[in-house]
Amino acid sequence: MIAPFANLFGYVLNFIYNIVNNYGLAIIIFSILIKLLMIPISIKQQKTMKKTTKIQNKMKEIQFKYKNDPENLNRATMELYKSENMSPFSGCFSAIVQIILLFAVFYLVRSPLTYMKKVDSEVLNKYTKIMQQNELSTNSAYPEIEIIKELDNIKRLKEQQKDSSNVENENSENNEEKIDLSEISDEEIDSLYINMEFLGLNLAQVPTNSNDWKAYIIPALYVIVSIISLRISNPTKKKKNSEDDGNKSEEEFDPMAQMNKNMNLIFPIMYLAVALIAPLGLALYWLMNSLLMIIEKFALNKMLKDEEE
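Quick notes on the rules
- Residues numbered from 1 in each chain as written.
- Predicted model: local features only at pLDDT ≥ 70, side-chain atom pairs only at ≥ 80, totals over all residues.
- Heavy atoms only, no water.
- Helix = DSSP H or I, 4+ residues; strand = E, 2+ residues; numbered from the N terminus.
- Buried < 20%, exposed > 50% of the residue type's maximum accessible area, 1.4 Å probe, protein only.
- Contact = heavy atoms within 4.5 Å.
- Areas by Shrake-Rupley, 256 points an atom, 1.4 Å probe, with all protein chains shown as cover.
- Patch = residues over 30% accessible without salt bridge, like charges linked within 9 Å, V, L, I, M, F, W, Y side chains within 5 Å.
- Salt bridge = Lys/Arg side-chain N within 4 Å of Asp/Glu carboxyl O.
- Phe/Tyr/Trp six-rings, centres within 6.5 Å; stacked < 30°, edge-to-face > 60°.
- Arc of directions from axis to C-beta.
- 1 Å grid on protein atoms, 1.4 Å probe; cavity = no way out; pocket = protein on both sides within 12 Å on 5 of 7 lines; lining within 4 Å.
- Points joined across faces, edges and corners; volume = space filled by probe spheres on them.
- Nonpolar A, V, L, I, M, F, W, Y, C, P; charged D, E, K, R; others polar.
- Lys, Arg positive; Asp, Glu negative; His and termini not counted.

Chemist: Looking at this structure, I do not really get the overall build of the protein. What am I missing?
Modeler: Per the secondary structure count, the protein includes 15 helices and 2 strands. Looking at the protein as a whole, 40% of its 309 residues are labelled buried. Expressed as a percentage of contacts within the protein between residues at least 6 apart in sequence, the contacts between residues at least 24 apart total 77%. Carbon and sulfur atoms provide 55% of the accessible area of the protein, an area that totals close to 18400 Å².

So, in C-alpha cells, the structure goes:
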C-alpha cells in the first residue's frame, strides 16, 4: 500500500534533485511542495477544530448530564455532531494522511536508489555482492545508503583491478563467482551517485551508527521545533476557578479534540525515535515539515479570522 506513494514521491524528489543537484536542498523543496499540496486538508482540519471549540460548552453539558449513562452520552454526542453538520471521525482522515506520508517518505529515504533513481533490483543486488566480496561496509537496514557511500571505493577498486595484471590468475576458483569490476562502466557507477552533502552534514548518516556528533544536530533541531509547534497548536489555557471541583466531567475535552491533542503528542515522539535510527535525510524532511507547520498555523489562523470578520 505504501510503496506506490513512495514510488510517486520518488519521481518528484528525483525531478527536483536533477535541477538543484543536492539531496538536502531537494528534500527542502520537496517538503514545501508536499505542504502546499496538503493546504486544502489543513484548512478543513483547522475549520473543524475551530468549530469543535465553539461546541465545546455544549459537549461539556452533555458529558455532565450523562456522566453515568454511557449509552445516552454516545447518543447525545452523535446528535450534537449531526446538528452541527460535523463528524466525530473527521480528524481521522488527517491522521491517516500523516501516517501514509510518514511511511512513504521513510521508504523513499531508506531506499533512494529504488524509489528515487529507479535502479533495477538486479543492479542493486550486484553492487551489494560487490561490497560483500570486497569487504566494504554493509548495513542490512539501509543497504542502498551503504552502496551510495561506497561508490568512490568501488571506483578505486575497479582501477586497482584494471591495473593489476595477475588478478585473473589468482584464486581462479573464487574468481568464477567474483564480479569483475573492470566490466562495470563509470557511467553505471555515476548513475547511482546522489550528492548527500548538505551544510557540512552527510545526510546518508544514521545518528545511532555514527561517531560524528554533528549527526545529532538535525534530530535535536527537530525536537526543539516540534515543541514550539505543539505550544502553538495547543496553547496552555489558564485554569478557571470553580466552586465545584467535583464536576470534572465539565472540563473534559470532546473525543475529537482529545484525539487531535493525543496525535500531536504521539507523532513527534514517534518521529524522533525513527529519526535517530534512520538516515538524516528523513530527519531533515520532518524538521522542515515542523517549521512549515508553524508558518501554516499562523497563516491559516489569520485567514480564517479574516473570514469570520
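So much for the structure itself; the text now carries on.
Chemist: It is not clear to me how a nonpolar patch on the surface should be interpreted in this structure. Could you clarify?
Modeler: Taken together, the side chains of Trp213, Ile217, Leu221, Ile224 and Ile228 make up a nonpolar region of the molecular surface, amounting to roughly 500 Å² of accessible area. For Leu221, the location among the structural elements is in helix α13 (residues 217-233).

Chemist: Help me understand the packing of aromatic side chains, please; the structure alone is not making it clear to me.
Modeler: By convention here, two paired aromatic rings are described through the distance between centres and the angle between planes. Within this structure, the stated rule accounts for 4 aromatic pairs. When the ring of Phe9 is compared with that of Phe30, the centres are 5.7 Å apart and the planes differ by 75 degrees; the resulting orientation is edge-to-face. Here Phe30 lies in helix α2 (residues 23-37) and Phe9 lies in helix α1 (residues 2-20), a separation of 21 residues in the sequence. Across this residue pair, the class does not change: Phe9 and Phe30 are buried. Look at Tyr222 and Trp286: their rings are 6.4 Å apart centre to centre, the planes differ by 40 degrees, and that puts the pair in the tilted class.

Chemist: Hey, could you run me through helix α4 (residues 56-65) in this one?
Modeler: Because each turn of an α-helix spans 3.6 residues, side chains separated by three or four positions end up pointing in the same direction. All of the buried residues along α4 are Gln56, Met59, Ile62 and Gln63. One side of α4 holds all its buried residues, which, seen down the axis, span an arc of 120 degrees. When the buried face of α4 is taken as reference, the exposed residues oriented beyond 90 degrees from it are Asn57, Glu61 and Lys65.

Chemist: Whenever I open this one, the environment of Ser229 confuses me. Can you help?
Modeler: Secondary-structure assignment places Ser229 in helix α13. C-alpha separation for the pair Ser229 and Met293, spaced 64 residues apart in sequence, amounts to 7.1 Å. Those residues within four positions of Ser229 in sequence are excluded, and the remaining contacts are Ser290, Met293 and Ile294.

Chemist: Sorry, what's going on with empty space enclosed by the protein here?
Modeler: In this approach a probe as big as a water molecule rolls over the atoms, and the regions it shows empty are the leftover space. Throughout the structure, instances matching the rule amount to 2 cavities of 30 Å³ or more. Size it by volume and the second largest cavity reaches roughly 30 Å³. Around the second largest cavity sit Leu13, Ile27, Phe30, Val105, Leu108, Val109 and Tyr285, which together line it. In terms of residues, the lining of the second largest cavity owes the most to one element, helix α6 (residues 90-110), which gives 3 residues. When the residues that make up the lining of the second largest cavity are grouped by side-chain class, the tally is 7 nonpolar, no polar and no charged.

Chemist: Which parts of the structure should I look at to understand the environment of Arg110?
Modeler: The residue Arg110 is located in helix α6 in this model. Each C-alpha atom of the pair Arg110 and Leu282 lies 8.3 Å from the other, and the pair is 172 residues apart in sequence. Every residue in contact with Arg110, bar those within four places of it in the chain, is listed here: Ala141, Tyr142, Glu144 and Ile145.

Chemist: It is not clear to me how the side chain of Lys35 should be interpreted in this structure. Could you clarify?
Modeler: One can find Lys35 in helix α2. The buried charged residue Lys35 lacks any salt bridge, with Glu296 as its nearest oppositely charged partner at 4.1 Å. Excluding residues within four positions of it along the chain, Lys35 makes contact with Asn289, Leu292, Met293 and Glu296.

Chemist: What should I look at first to understand the pattern of salt bridges in this one?
Modeler: Where side chains of opposite charge bring their charged atoms close, a pairing between them can arise. The tally for this structure, following the rule as stated, stands at 5 salt bridges. For Arg75, the salt bridge is made with Glu79, and the minimal N-O distance between the two is 3.2 Å. With a gap of 4 residues between them, Arg75 and Glu79 both fall in helix α5 (residues 70-83), about one helical turn apart. Among the residues examined, Arg75 registers a relative accessible area of 38% and is labelled partly exposed. A salt bridge links Lys155 to Asp190, with the shortest nitrogen-to-oxygen separation between them at 2.7 Å. Of this pair, Lys155 sits in helix α10 (residues 151-163) while Asp190 sits in helix α12 (residues 186-191), and the two are 35 residues apart along the sequence. Look at Lys155 and you get partly exposed, because its relative accessible area is 27%. Judged by relative accessible area, Asp190 falls into the partly exposed class, the value being 42%.

Chemist: So what exactly am I meant to see when it comes to the environment of Tyr216 here?
Modeler: Relative to the elements of secondary structure, Tyr216 occurs in the loop between β2 (201-202) and α13. Considering only alpha carbons, one finds Tyr216 and Leu276, 60 residues apart in sequence, at a separation of 7.9 Å. If we ignore the near neighbours within four places in the chain, the residues touching Tyr216 are Pro207, Thr208 and Leu276.

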